[in-house]
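# Chain and residue survey
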Amino acid sequence: KNMLYEDLLNHVIDNEMLVTCCIDAHFTAFKMFKQGSGSGSGSGGKVALLHYDPQNPHLGLATGDQARRFALFKMMKCNYGDGQHIQDNKDHYTGGTGMGMGSSA
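A quick note: this is a predicted structure, and the numbers were derived from the prediction, not measured.

### Section: helix α2 (residues 64–77)
Between its first and last C-alpha atoms α2 spans 20 Å; for 14 residues at 1.5 Å apiece the expected length is 20 Å, and the two agree. The complete set of buried residues in α2 reads A67, R68, A71, L72, K74 and M75. Each buried residue of α2 sits inside an arc of 165° when the element is viewed along its axis, so together they form one side. Trailing α2 by a residue or two, N79 shows a phi angle of about 60°, which is positive.

Structure representation (structure tokens):
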């Protein structure tokens, strides 16, 4: 729980992890995959995410930045990273300075 969310995301991508979570008694899970040879966790690395939600009869698929945003959102909802860092550095996560996690600059 003490990892920064960027580091946690990179760890999940690099190890192609299955992440499970229970939000308000609602179980969900996603599996992260690297696509292609030499794909890394950096913003240029190709990734895909397969998502399970028991309230939906189909699996969900996201790729690229959409997969990264989805994974970060779920990990934040589940409090899997360092939430204090987010509170102390809001601009970094929300893009208030133009250089946040979602920024392409």
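The discussion continues.
### So, the sheet that holds strand β2 (residues 26–34)
Spatial ordering of the open sheet is given by β1-β2-β3-β4, a layout of 4 strands whose pairing is antiparallel. The open sheet terminates on both sides in strands that have one partner only, identified here as β1 (18–23) and β4 (60–63). If you compare each strand with its neighbour and ignore which way they point, the axes differ by 20° on average. Two strands pair when backbone bridges link them, and strand β3 (residues 47–52) and β4 are joined in this way by 4 bridges, in the antiparallel orientation. Each bridged residue has a counterpart across the sheet, and for L49 the counterpart in β4 is A62. Sheet contacts for helix α1 (residues 5–14): β1, β2 and β3; angle to β2, the most-contacted strand, approximately 70°. Strand contacts of α2: β1, β2, β3 and β4, with the helix running at about 45° to β3, the strand carrying the most contacts.

Procedures and definitions
Residues numbered from 1 in each chain as written. Predicted model: local features only at pLDDT ≥ 70, side-chain atom pairs only at ≥ 80, totals over all residues. Heavy atoms only, no water. Helix = DSSP H or I, 4+ residues; strand = E, 2+ residues; numbered from the N terminus. Expected span 1.5 Å × (residues − 1). Buried < 20%, exposed > 50% of the residue type's maximum accessible area, 1.4 Å probe, protein only. Arc of directions from axis to C-beta. Pairing = 2+ DSSP bridges. Axes fitted to C-alpha atoms, helices over the stretch in contact; angles between N-to-C directions. Contact = heavy atoms within 4.5 Å.

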